[in-house]
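# Coordinate inspection notes
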Amino acid sequence: MQDNETQYYHVAVEAPLPPLTYSLNENILLPEGCPVTVPLGRRKVKGVVLSQAQKPDGDLKIKSIQSYNMEIKLPKAYLRWIEWLSRYYIYPVGQIYQYTFPNLKKKSNRKTKKAEVVPQFDQSHAPQLTPEQTSSVNTLAGSDGFSTHLIFGVTGSGKTEVYMNSIAKVLARGKKALVLVPEISLTPQLIERFSSRFPEQVAVIHSSLTPREKTNQWWSVIDHEKPILIGARSALFCPMENIGLIVVDEEHESSFKQDEKLKYNARDAAVMLGFYHKCPVALGSATPSLESWNNVLDKKYQLHKLTSRVSGRAMPEFEIIDMRQEREARKDSKVDLPFWLSQALYDKIKLTLERNEQVALFLNRRGMAQTVLCQSCGYVFECPNCSISLTLHARNHLVCHYCDYHLHLTDNCPKCADPDVHSLGLGTELVENDIAKLFPEARLARADRDEIQSREQLETLIKNIENRQVDILIGTQMIAKGLDFPGLTLVGLVMADVALNMPDFRTAERSFQLFTQVAGRSGRHSENPGQVVLQTYNPTHTSIQFAITNNYEDFAQHELEFRKQLSYPPYGRLASLRIQGNDHNKVENSAHLTQKRASILKDRHSQYEQIKILGPTASAIAKLRGKYRYHILLKAKDSKVLENFCNQLVGDEKWLPSGSRLLVDIDPYSML
Ligand code: ADP
Ligand code: ZN
């Protein structure tokens, strides 16, 4: 019998460390991508085999691999893609690998669970595709190798029908399909639409599955039982083989960007996955991101336009209310209206309710008021952990929207003791209170993070609206997207300025998207076009003007011009370096040290000449959850140059003084 020979491996461990060498003295060869557990210090950590290694020189004590799992094999394309993620987003490769494995072990009796009852779809009921749809389907399903496609069409123009027909063709060729949608759009309606068209062929992964459910779904994909995977952004990490099409619906959605740990954008990562898998990628949107639109203009992405709503339904009618004129408009009013409600919107709500139709009011702010202050001494109630004012909820409940700090509001100011405490601002809770007083008969529902905290609650709310148990829905952006209610004919945007006044270069784009999406909620099924009332103090804002005429392309041209002048994406790349820690002085010093290191690096290497270093400055939220925050913004023309620069700058992070951490966000979405 042959003796076991010791093998050596480079292992990426689940820790912020470079790959380490481990040994295994068994008669087996571990493949690249094989999950293992290894000792690290006194701990046992997960890891993954990167490659075989030479026997290290010297008498360095090499520790041995404790266990391995040969059941799971990561396809080569995934390995290359994970390396790309690690390089591009500057994140330890061993920690990314852990995203790709299920949390639990495979259950042997998994298949004995009772089969789901899915209403079978009569294939003869599939709609006859329009010429535009047919041509998209043929291009997508007929593409060999990597290519990226933008499916640009308003809500209801038949994009989902294009995805499903393309997937049918891809499956017929023996390949698989991955469909990513924003978490909030992953409704039972959508899942049922796919699983009735493709019975027994659809796996679903989203954040509210239990670890066991997630593991089962994961294995149903890996074991080739289900050739279609639909999921929120994390579904990207389920290592499917033989993918023939990747779809990213609502590609412009900022929820595809993960803001913590691995700060990836699932849309961009999906395009790269298509590149490594050599398959086409379809991005769908009614309001494409300017990054994607610019890629169309540059001929990197192929454009597919779906120009009309399938059933020829009209687009909604927009009315802009200039809130600055309200005092005048209310002169003869018989009702006493709250400051945030215009006479015109009030009248329309009344009429809509009289017709037994439904109303939705949007406001992207929760609570009763943003700020509570003492009018005697000016004291503002702030969160002790975050540099943010506390929001008033109910009558006397103060809450920090960032860290959940709670405080009971007393009648007297804690500083000067005067009984002069007042609240300023507006939130969904106040809107609900005021509406309840104005329309005591109407049945109200509120959809925001205070009321809706689980997927089940959201689904119940949706059912209640569909069943006409709700007359007026009041909510944040949570309900603005993807929902489709037959009885809803009036949408009010209570204060559009909340969206317009964010300190971020993407504000105009986000507002345009929001206004367009919200408008799409109204009158989707009625004979008459739905109505949208937009209240604002800034009626001439370009985002509003382009949204009311439903003119995406002109908006894009206008906004791209502005981005170009300031070298913002898509004309330049950004990286945000955040320095944070518990001690203000240490954080500030580290921020300056980081800036100095960046300047030296830039001066030493001519290829980094194009890099602009802005800052350091205290972040807009200068303190969050007890941690002080500074940031430095890097701008570059070329993403590869920025990638190299960041990797070199961050290095092993050993140069950073203790007490502060450096977090890198490539292509940042939130810079507060
Ligand atoms: P989107 O994904 O762009 O919102 P959908 O694919 O959901 O659009 O289509 C909207 C509605 O129109 C759906 O009810 C769908 O079944 C229907 N539909 C789509 N394409 C056609 C078509 N070619 N003929 C008739 N109805 C269609
Ligand atoms: Zn806080």
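Values in this document were obtained by computation on a predicted structure and should not be read as measured data.

What follows is about the coordination of the zinc ion (ligand 2). Protein-derived coordination of the zinc ion (ligand 2) comes from Cys 383 (SG), Cys 386 (SG), Cys 400 (SG) and Cys 403 (SG), at a distance range of 2.3 to 2.4 Å. Metal-centred angles of 103 to 112° between the four donor atoms at the zinc ion (ligand 2) mark the site as tetrahedral. Counting the intervening residues between successive donors of the zinc ion (ligand 2) yields the motif C-x2-C-x13-C-x2-C. For Cys 400, a relative accessible area of 0% puts it in the buried group. Residue classification places Cys 403 among the partly exposed residues on the basis of a relative accessible area of 22%.

With burial as the criterion, each face of strand 21 (residues 472-475) is covered, one bearing Ile 472 and Ile 474 and the other bearing Leu 473 and Gly 475. Here strand 14 (residues 358-362) runs beside strand 21; their pairing, made up of four bridges, is parallel. Counterpart to Val 359 in the pairing with strand 21 is Ile 472. Relative to strand 21, strand 20 (residues 444-447) runs parallel, the two sharing four bridges. Across the sheet, Arg 446 pairs through a bridge with Ile 474, a residue of strand 21. Since strand 20 and strand 21 lie parallel, the crossover through helix 12 (residues 455-466) that links them has a hand, and here it is right-handed.

Next up on the list: the environment of Leu 493. Position of Leu 493 among the secondary structure elements: in strand 22 (residues 488-493). Sequence separation of Leu 493 and Thr 536 is 43 residues, and the distance between their C-alpha atoms is 8.5 Å. Setting aside its immediate chain neighbours within four residues, Leu 493 contacts Phe 362, Phe 515, Val 518, Val 533, Leu 534 and Gln 535.

According to the domain assignment, the protein contains domain 1 (7-75 + 92-100), domain 2 (131-311), domain 3 (317-367 + 426-562), domain 4 (370-424) and domain 5 (573-666). One C-alpha centre belongs to domain 3, the other to domain 4, and the line joining them spans 28 Å. Facing the six residues of domain 3 at the interface are seven residues of domain 4. Roughly 510 Å² of surface becomes buried between domain 3 and domain 4 when both sides are summed, with 36% attributable to carbon and sulfur atoms. By the criterion of area lost to domain 4, the three top residues of domain 3 are Arg 366, Leu 426 and Glu 429, representing 66% of everything that side buries. If you look at where domain 3 meets domain 4, you find zero salt bridges. Counting across the domain 3 and domain 4 interface gives six residue pairs in polar contact (both at pLDDT 80 or more). Grouping the constituent residues of the side of domain 3 that touches domain 4 by class yields one nonpolar, one polar and four charged.

Quick notes on the rules
Each residue is numbered by its place in its chain's sequence as written, counting from 1. Written order determines the labels here, with chains lettered from A and ligands numbered from 1. Reporting of local features is limited, given that this is a predicted model, to residues whose pLDDT is at least 70; pairs of side-chain atoms are given and counted only at 80 or more, and all residues count toward the totals for whole chains, interfaces and linings. Excluded from the side-chain calculation are hydrogens and water; included are all heavy atoms of the structure. Coordination partners: N, O, S within 2.8 Å of the metal, 3.2 Å for Na, K and Ca; water not considered, so apparent gaps in a site are possible. Square planar and octahedral assignments, for four and six donors respectively, both demand that opposite donors be over 155 degrees apart and that all other angles lie between 65 and 115; tetrahedral needs four donors with all angles between 85 and 135 degrees, and anything else is irregular. Throughout this description, buried means an accessible area under 20% of the type-specific maximum (1.4 Å probe, protein chains only), exposed means over 50%, and partly exposed covers the range between. Only DSSP runs of H or I with at least four residues qualify as helices, and only runs of E with at least two residues qualify as strands; both kinds are numbered from the N terminus onward. The criterion for strand pairing is that DSSP finds at least two bridges linking the strands in question. Orient the strands so they point away from the viewer; a crossover is then right-handed if the path from the first strand over the helix to the second runs clockwise. In this description, contact between two residues means that some pair of their heavy atoms is separated by no more than 4.5 Å. Boundaries between domains were set according to an automatic or database domain assignment. Accessible area that two parts lose when put together, evaluated with a 1.4 Å probe and summed over both, is termed the buried area. What makes a salt bridge here is a side-chain nitrogen of Lys or Arg within 4 Å of a carboxyl oxygen of Asp or Glu, nothing more. Contacts described as polar in this section are N or O atom pairs within 3.5 Å, which, within protein, must combine one atom able to donate a hydrogen with one able to accept it, while residues neighboring in sequence count only if both atoms come from side chains. For this classification, Asp, Glu, Lys and Arg are treated as charged, while Ala, Val, Leu, Ile, Met, Phe, Trp, Tyr, Cys and Pro are nonpolar and the rest, including Gly, are polar.

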